[in-house]
Amino acid sequence: MSLTSELADPGGKLARWCARVFTGTSAAARRVEEAASGVRPVRPVLARPPRQHWAEIGGAFGQRIADLVQAAPPYYALLGMVRAQWGNGPWAHAQAAAYPTHAGLPAEYRARAVGIRPAAVTWLDLGDGMPDGPALPGAQELWGDLLERARRYQARHAPPGVLGGPGAEAGLARTNWVLSACEDIYRSGRIDPRLARVVDGGGTVADLRALPGDEQVRELVELAKRLHDNGALWELRRLAGAPPEGQQLGIAGPTIVPGWADGDLLLGRIDPENGIGDGTATLLDVKTVLTVGDPERAGRWLWQILLYAWLDVADLYRIRDVGLLLGRHGKLVCWPVDELAADLLGGAELVDHRRDEFRDMARGLLDSAGLSLADG
């Protein structure tokens, strides 16, 4: 189970511990509600969208935000393609190595690029472990064509830190919907039948990009516009140190504990050679919910983002602030790590003790799953 899954189980050890020690959760969660106060959220075009609509929009928007922060490989989409036997390990590594973040790495790292992930001041090597056997005939060519077109399109219309116009964002939305569907294969093991019909039936890139409905594309375009209109884009750039347009804002999908905890976004002033130059960074979780007024749900978001920061025991990411990006509202809400901890605990006196207690608990949970917490 991942940390997210542990928190989602109210009867689990970690969730029960959080509920017991974080006595200030309701008060802290009110800040999330206040951040969205008076803002009319972006709603689906359809009055009653199908149930899977919410996850599909959330996944595609998450990929769009990742690309806004860093021109990095869609790691988990590639892993999903391999899991579906639409590509093999060497092919996936070659695709990942073609992205700007990885193109300049030494050849030995490019050869296993899916498992090479940037941290603030180093690179993480997560290993290979992917099959090198045959893939479904024609699938690697199809996916390679889609990914190559996506890299060119992003470089031209929406490099890091830049939102495109409505037409460009519509194009990005279609590709991101498809990549999110591939990521879901990795995470759930389920292949969307719509995707399978195109790939297994010898379809084209145009067929793949036609899978999301026009109403979903319009919604994703409106979500991107909301980032601009309500100031979230400016806030993201400010947290990144206001780099020039086209320069990355941080790290997309930071791997905090391999196999157990992956963040959404890490924002900070990036030095191409030395990582986060000013020594600090902000870890953000992306949410695409309509309403944020449920203190229990918002409280669990805050538990997770704080625990992610506490898990970086080796200080690989230099996390000093944490927060939430409320995608449908175009708003950010952030805290210094220790301030959020004090708010959730109802006081600052026990922050260090509870952090150490959590890390001991995490080590036990990870050990039972065959994983480990890197202490530096």
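Just above, that's the structure.
Residues numbered from 1 in each chain as written. Predicted model: local features only at pLDDT ≥ 70, side-chain atom pairs only at ≥ 80, totals over all residues. Heavy atoms only, no water.

### Observations regarding the overall build of the protein
Counting its secondary structure elements, the protein contains 17 helices and 11 strands. For the protein, whose C-alpha radius of gyration is 20 Å, the value lies close to the compact-globule estimate of 21 Å for 376 residues. Here the C-alpha coordinates of the protein stretch approximately 60 × 45 × 45 Å along the principal axes. Long-range contacts, defined here as pairs at least 24 residues apart, represent 72% of the contacts in the protein between residues at least 6 apart. Computed over 41 positive and 47 negative side-chain charges, the inter-centroid distance for the protein is 5 Å. (Helix = DSSP H or I, 4+ residues; strand = E, 2+ residues; numbered from the N terminus. Rg over C-alpha atoms; globule rule 2.2 N^0.38 Å. Contact = heavy atoms within 4.5 Å. Lys, Arg positive; Asp, Glu negative; His and termini not counted. Charge placed at Lys NZ, Arg CZ, Asp CG, Glu CD.)

### Notes on helix H11 (residues 193–200)
Taken as a whole, H11 has its buried residues at Leu195, Ala196, Val198 and Val199. One side of H11 holds all its buried residues, which, seen down the axis, span an arc of 165 degrees. Buried residues belonging to H11 abut helix H9 (139–157), helix H10 (166–188) and helix H12 (205–209). Where H11 ends, the next residue or the one after it, glycine 202, has phi of about 75 degrees, a positive value. (Buried < 20%, exposed > 50% of the residue type's maximum accessible area, 1.4 Å probe, protein only. Arc of directions from axis to C-beta.)

### Here we look at the environment of isoleucine 305
Mapped onto the fold, isoleucine 305 is located in helix H15 (residues 295–311). Isoleucine 305 gets classed as buried once you look at its relative accessible area, which sits at 1%. With 200 residues separating them in the primary sequence, isoleucine 305 and leucine 105 have C-alpha atoms 30 Å apart. Beyond its immediate chain neighbours, meaning those up to four positions away, isoleucine 305 contacts Leu283, Leu284, Asp285, Val322, Gly323 and Leu340.

### What to know about the packing of aromatic side chains
Under the counting rule described, the total for this entry stands at seven aromatic pairs. Considering the side-chain rings of tryptophan 310 and phenylalanine 358, the 6.1 Å spacing of their centres and the 40 degrees angle between planes classify their relative orientation as tilted. Of this pair, tryptophan 310 sits in helix H15 while phenylalanine 358 sits in helix H17 (residues 351–368), placing them 48 residues apart in sequence. Across the pair, exposure class does not vary: tryptophan 310 and phenylalanine 358 are buried alike. Among the aromatic residues, those joined into a cluster by ring pairs are Trp17, Phe22, Trp303, Trp310 and Phe358. Between arginine 151 and the ring centre of tyrosine 99, over which it is positioned, the NZ or CZ distance is 4.9 Å. One residue, arginine 187, lies across the ring of tyrosine 76, its end atom 4.4 Å from the ring centre. (Phe/Tyr/Trp six-rings, centres within 6.5 Å; stacked < 30°, edge-to-face > 60°. Lys NZ or Arg CZ within 6 Å of the ring centre and 35° of its normal.)

### Some words on the sheet that holds strand E3 (residues 250–252)
Pairing in this open sheet of five strands is mixed, and the strands run E3-E6-E9-E10-E11 from one edge to the other. A strand with exactly one partner marks an edge of an open sheet, and here the two such strands are E3 and strand E11 (331–336). The sheet shows a mean angle of 20 degrees between the axes of neighbouring strands, taken without regard to direction. (Pairing = 2+ DSSP bridges. Axes fitted to C-alpha atoms, helices over the stretch in contact; angles between N-to-C directions.)

### Focus on unusual backbone geometry
In this structure, aspartate 315 takes a positive phi of about 55 degrees despite not being glycine. With respect to the helices and strands, aspartate 315 occurs in the loop between H15 and strand E10 (319–326). You can call aspartate 315 partly exposed: its relative accessible area is 26%. Here the phi dihedral of arginine 318 falls at roughly 55 degrees; this positive angle occurs in a residue that is not glycine. Of the residues examined, arginine 318 reaches a relative accessible area of 25% and is grouped as partly exposed.

### Remarks on the side chain of aspartate 285
Within the secondary structure, aspartate 285 sits in strand E9 (residues 281–287). Assessed through its relative accessible area of 4%, aspartate 285 is described here as buried. Reaching out from aspartate 285, the side chain makes a polar contact with the side chain of lysine 287 at a distance of 3.1 Å. Setting aside residues up to four positions removed in sequence, aspartate 285 forms contacts with Asp264, Gln304, Ile305, Gly323, Leu324 and Leu325. (Polar contact = N/O pair within 3.5 Å; in protein donor to acceptor, adjacent residues only side chain to side chain.)

### Re the environment of alanine 71
Along the chain, the position of alanine 71 falls in the loop between helix H4 (52–69) and helix H5 (75–83). In contact with alanine 71, other than residues within four places in its own chain, are Tyr99, Pro100, Thr101 and Pro160.

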